[in-house]
Amino acid sequence: MTEDVIRLLTPEGERIEHPDYPLEVDADLLRRLYRDIVLTRRTDVESTALQRTGELGLWCPVLGQEGIQVGAGHAMRPTDYGFTTYREVGIFQVRGVDPVELLHLYRGVTHSSWDPRRVGLGIFTIVIGSHALHSVGYAMGIQRDGADEAVLSCFGDGATSTGDVHEAMVFAAAFNAPVVFLVQNNQWAISVPVTRQARAPLATRAAGYGIPSVRIDGNDVLAGLAVTRTLLDRAREGGGPAFIEAVTYRRGPHTTSDDPTRYRDEAELDHWASLDPLDRLRRHMERVGALDPEFVAAVDAEADALGELLRETIRGMEAPDPLRMFEHVYAEPHRQVTADRAAMADYLATVETS
Amino acid sequence: MSVREFPLPDVGEGLTEAEIVGWRISVGDEIAVNQPIVDIETAKAVVELPSPFTGRVTALLVAPGAVVPVGTPILAVEVSDREPVLVGYGVGHEQGRRRRLRGANAPQQGGAGRVESAAPQQEVTRLVPPGKPMAKPPVRALARELGVDLSRVTPTGSHGDITRDDVRRAASGNASSPAPIAARPVRGERVPVRSVQRQMAQAMVRSMTTAPHVTEWVDVDVSATMALVKRLRAEPEFADARVTPLTIAASAVIHAIRRTPIVNSSWVDLPDGSAEIELYPFVNLGLAVASPRGLVVPNVRDAGSLSLSGLARAITEVTERAREGRLTPSDSVEGTITVTNIGVFGVDGGTPILNPGEAAILATGRIVERPWAVDGALAVRPVMQLSLAFDHRVVDGASGSAFLADVAAYLHRPPH
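As the structure is a prediction and not an experimental result, all values here were calculated from the model.

1. Concerning the overall build of chain A
Moving on, step 1. When its secondary structure is counted, chain A shows 13 helices and eight strands.
Moving on, step 2. Over its C-alpha atoms chain A spans a radius of gyration of 21 Å, differing by no more than 12% from the 20 Å that the globule rule assigns to 354 residues.
Moving on, step 3. Reported as C-alpha extents along the three principal axes, the dimensions of chain A are approximately 65 × 50 × 40 Å.
Moving on, step 4. Relative to its 354 residues, chain A shows a buried fraction of 54%.
Moving on, step 5. For chain A, contacts bridging at least 24 residues in sequence account for 75% of all contacts bridging at least 6.
Moving on, step 6. Taken as a whole, chain A presents about 14700 Å² of accessible surface, with 53% of it coming from carbon and sulfur.
Moving on, step 7. When the 35 positive and 53 negative side-chain charges of chain A are each reduced to one mean point, those points stand 2 Å apart.

Here it is, written out as structure tokens:
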């Protein structure tokens, strides 16, 4: 991959400077990034296991993409707002959302349980690319409020083929909206390789909208942080939208229902495993002496506790009353919903729970 | 101490069953939470299941190869009672709550030969009362439109539901004609057709319905091949390969293609109705392998460029990976000609079906000592039968026969 990408850490963990994207890095920042990647990965591993033991209906693995997600999460200010797909576990980790909250949706308990206004992140969006429009709408609202905020809009390579993303970019450019589009190009839209959807690098598409773009190494957490932060700052200051293509790789299945061995080679997987974002950060921290054994042990213990918490909480989670789903469709009573609710209640009266 | 059971989960959004491919643990093993314990194959994928418990395995409740419904206990683990019972995971929780119709008869299916089971079996919730025809709303709409009474229609849908075609048949007065497949009474055990087998079935039907097959046979005295195999096995160059008569047969095929390249080609239908024959300048030699998951046909890339030892190694490598179920999708695409060794099953010959898109396939039979006339006298010789099937759109009888004769001549007198 990735010879023409911006990178601040080589795969060997060596720090390199980029004139456009300076970044002050100290041991404390490195440790926070490390912790967030480790905990993101644990949430991912544990959730996959919970799905495989029948506790979750579905899970969308993150393995391999934690670098760009954690980097981008750290680039956001608390007042910024993010719209994400269903795979941005790393950003939620950085923004302090309890990982248990992410699993409500996948257990089918509720659509979303965090308060988007409090955490500054919208709900997991399943419909591919639709939230690119929400992102631009929110960013246009920021303009009208005169607020000192920006929007991070996260989607994948597959979403760039949708009409919604096209419309979003047209509007973002037309209104000079303070939004940064962050595409995690993980090479595969389920079983369709990115090379089938795009004959040129995705980043080059942005030029057609008049939106500046960059292509970065998505497995380099420092590049993810520096580039996203620079472009969010630029958007906040009235510089308008920007487009980041983070070149990375989904090493797991698209979802737990997918079998990637049917469409891709093990050699490809091995190649990307050698570019693992956590290994890269670890090597760098070893080089600069920021990775002492006590710290590593403490993070590992924290990850173990997180795993146990997820297991226990999810297994104990009760199924909601089926009639609850009718309660928040409209703010006020609605004739059709009332009728649907009554029909469901009638049906439930004919079945018993064993 | 208490024993917990692990019911087979639905790992793929609405699956109803899975096949146990193989256990990674044995009775008596101490296992930990999240340790991989078993591989299962669903209609969607082969996946590895982790253990939900820490403890000692007391029983593997389902044997490899068995297909069991979701919810069937597959594993029993003795766990320490000193460990905190996971919240909501103790007695009474089981596999979540399920609903059934009040008063409905709820038979408890035995799971894979088990008599008692702690967790209730999965049941199908009947949303439609017995006797009422099942049909999806668009089908009901069609029936209304065509004035068809659904209760008089024979359903052929996979779930016993009425399809659009059923309604149309009924509307055209054919309702009483015997409905296909689903209406056939079940007299034996029905086994679902799964991924590899389904792919095989589709490939075979496609091949047989598009390519006119011709099969030719020849018997060949393989004394010299047997001697060569024996000699090569002792050579250091062949130390890391499994040399067999199949190795020499593969080499014979590559050799014979040089004189009759038309067998290493494809018939290509063009969108305008015309056709072309694509001749390949390389040989991607397919090998039909009986793998645990069924018939697979990986190929050795550019086999013609390999030395005999290189060919032997490549065949060994790809067949081993096939048998271990470690093939990747790219192993089985873009083959140009195939060899299938049916002799390993103890038979002499057959009429092989072409791998779709290819023009020829050679079957090698068993090698058996037979009376054989040599220089006017009777001798006992190891004899193998070769069966060659070819696509008669591409290959004519003269070319097919020349190719087969060349393969036979090579095996009779290998030039090594």
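2. Examining the overall build of chain B
Moving on, step 1. Summing up its helical and strand segments, chain B has seven helices and 18 strands in all.
Moving on, step 2. Across the 416 residues that make up chain B, the buried fraction comes to 40%.
Moving on, step 3. As presented, chain B carries roughly 21700 Å² of accessible surface, and 54% of it is formed by carbon and sulfur atoms.

3. Considering helix 1 (residues 27-52) of chain A
Moving on, step 1. Between its first and last C-alpha atoms helix 1 of chain A spans 37 Å; for 26 residues at 1.5 Å apiece the expected length is 38 Å, and the two agree.
Moving on, step 2. One or two steps after helix 1 of chain A, the chain reaches Gly 54 of chain A, where phi turns positive at roughly 90°.

4. Concerning the pattern of salt bridges
All names here are of chain A.
Moving on, step 1. Using the criterion set out here, one finds 40 salt bridges over all chains in the structure.
Moving on, step 2. In this structure, Asp 36 and Arg 35 form a salt bridge, with 3.7 Å as the shortest nitrogen-oxygen distance.
Moving on, step 3. Among the residues examined, Asp 36 registers a relative accessible area of 5% and is labelled buried.
Moving on, step 4. Owing to a relative accessible area of 31%, Arg 35 belongs among the partly exposed residues under this scheme.
Moving on, step 5. Close ionic contact of Glu 302 with Arg 35 constitutes a salt bridge, the shortest N to O distance being 2.6 Å. Here Glu 302, found in helix 12 (residues 293-315), pairs with Arg 35, found in helix 1; they are 267 residues apart in sequence, far enough to count as distant.
Moving on, step 6. Relative accessible area serves as the criterion here: at 30%, Glu 302 is assigned to the partly exposed category.

5. Notes on a nonpolar patch on the surface
All names here are of chain A.
Moving on, step 1. Taken together, Val 170, Phe 171 and Phe 175 make up a surface patch of nonpolar side chains, about 250 Å² in accessible area.
Moving on, step 2. If you trace the backbone, Val 170 turns up in helix 7 (residues 163-175).
Moving on, step 3. Here Val 170 falls in the partly exposed class, since its relative accessible area comes to 36%.

6. A word on the domain arrangement of chain A
Moving on, step 1. The domain boundaries assigned to chain A delineate domain 1 (27-319) and domain 2 (321-354).
Moving on, step 2. The distance between the C-alpha centroids of domain 1 of chain A and domain 2 of chain A comes to 35 Å.

7. What to know about the packing of helix 1 of chain A against helix 12 of chain A
Residues and elements named next belong to chain A.
Moving on, step 1. At a minimum axis distance of 9 Å, the contact between helix 1 and helix 12 shows a crossing angle of 30°. Note on packing geometry: the crossing formed by helix 1 with helix 12 is right-handed.
Moving on, step 2. A class-by-class count of the residues in the contact of helix 1 with helix 12 yields eleven nonpolar, two polar and nine charged.

8. Observations concerning the environment of Val 227 of chain A
All names here are of chain A.
Moving on, step 1. Its location among the elements puts Val 227 in helix 9 (residues 221-236).
Moving on, step 2. Given the relative accessible area of 1%, Val 227 is considered buried.
Moving on, step 3. When the C-alpha atoms of Val 227 and Arg 7 are compared, they prove to be 9.5 Å apart, with 220 residues separating the residues in sequence.
Moving on, step 4. Setting aside its immediate chain neighbours within four residues, Val 227 contacts Ile 6, Tyr 21, Val 214, Ile 216 and Ile 244.

9. So, the packing of aromatic side chains
Residue and element names in this part refer to chain A.
Moving on, step 1. A full pass over the atoms with the stated rule returns 14 aromatic pairs over all chains.
Moving on, step 2. Summarising the aromatic geometry, the rings of Trp 188 and Tyr 263 are spaced 5.1 Å apart at their centres and angled 45° between planes, so their arrangement reads as tilted. Here Trp 188, found in strand 4 (residues 188-189), pairs with Tyr 263, found in the loop between strand 7 (242-247) and helix 10 (266-273); they are 75 residues apart in sequence, far enough to count as distant. Each member of the pair Trp 188 and Tyr 263 is classed as buried.
Moving on, step 3. Between Tyr 249 and Trp 272, the aromatic rings sit 5.2 Å apart at their centres with planes inclined by 10°, giving stacked as the arrangement. One end of the pair, Tyr 249, is in the loop between strand 7 and helix 10; the other, Trp 272, is in helix 10, and 23 residues separate them in sequence.

10. Quick notes on the pairing of strand 3 (residues 179-185) of chain A
Residues and elements named next belong to chain A.
Moving on, step 1. Within strand 3, seven of the seven residues are buried, leaving the element largely enclosed by the surrounding structure.
Moving on, step 2. Burial along strand 3 is two-sided: the face carrying Val 179, Phe 181, Val 183 and Asn 185 and the face carrying Val 180, Leu 182 and Gln 184 are both buried.
Moving on, step 3. Running through helix 7, the crossover from strand 2 (residues 151-156) to the neighbouring parallel element strand 3 is right-handed.
Moving on, step 4. Two elements, strand 3 and strand 7, share six bridges in a ladder whose sense is parallel. Note on strand 7: the bridge partner recorded for Val 180 is Ala 242.

11. Some thoughts on the environment of Asp 265 of chain A
Moving on, step 1. You can see Asp 265 of chain A is positioned in the loop between strand 7 and helix 10.
Moving on, step 2. Residue Asp 265 of chain A is classed as partly exposed on the basis of its relative accessible area of 28%.
Moving on, step 3. For the pair Asp 265 of chain A and His 111 of chain A, spaced 154 residues apart in the sequence, the C-alpha separation amounts to 35 Å.
Moving on, step 4. Leaving out residues up to four positions away in the same chain, Asp 265 of chain A has contacts with Thr 328, Pro 329 and Ser 330 of chain B.

12. Remarks on unusual backbone geometry
Residue and element names in this part refer to chain B.
Moving on, step 1. The residue Asp 302 is not glycine, and still its phi comes out positive at about 45°.
Moving on, step 2. Examined against the element boundaries, Asp 302 turns out to sit in the loop between strand 15 (299-300) and helix 6 (308-323).
Moving on, step 3. Of note in the backbone geometry, Glu 334 takes a positive phi value of approximately 65° without being a glycine.
Moving on, step 4. Tracing the backbone shows Glu 334 in the loop between helix 6 and strand 16 (337-341).

13. Description of the sheet that holds strand 7 of chain A
Residue and element names in this part refer to chain A.
Moving on, step 1. Strand order in the open sheet formed by five strands is 1-2-3-7-6, and the pairing between neighbours is parallel. What marks the edges here is a single partner per strand, and that holds for strand 1 (81-83) and strand 6 (213-217). For this sheet, the mean angle separating the axes of adjacent strands, direction not counted, is 20°.

Conventions we followed
Residues numbered from 1 in each chain as written. Chains lettered and ligands numbered in written order. Predicted model: local features only at pLDDT ≥ 70, side-chain atom pairs only at ≥ 80, totals over all residues. Heavy atoms only, no water. Helix = DSSP H or I, 4+ residues; strand = E, 2+ residues; numbered from the N terminus. Rg over C-alpha atoms; globule rule 2.2 N^0.38 Å. Buried < 20%, exposed > 50% of the residue type's maximum accessible area, 1.4 Å probe, protein only. Contact = heavy atoms within 4.5 Å. Areas by Shrake-Rupley, 256 points an atom, 1.4 Å probe, with all protein chains shown as cover. Lys, Arg positive; Asp, Glu negative; His and termini not counted. Charge placed at Lys NZ, Arg CZ, Asp CG, Glu CD. Expected span 1.5 Å × (residues − 1). Salt bridge = Lys/Arg side-chain N within 4 Å of Asp/Glu carboxyl O. Patch = residues over 30% accessible without salt bridge, like charges linked within 9 Å, V, L, I, M, F, W, Y side chains within 5 Å. Domains from an automatic or database assignment. Axes fitted to C-alpha atoms, helices over the stretch in contact; angles between N-to-C directions. Left-handed = near helix turned anticlockwise from the far one by under 90°. Nonpolar A, V, L, I, M, F, W, Y, C, P; charged D, E, K, R; others polar. Phe/Tyr/Trp six-rings, centres within 6.5 Å; stacked < 30°, edge-to-face > 60°. Right-handed = clockwise from strand over helix to strand, strands pointing away. Pairing = 2+ DSSP bridges.

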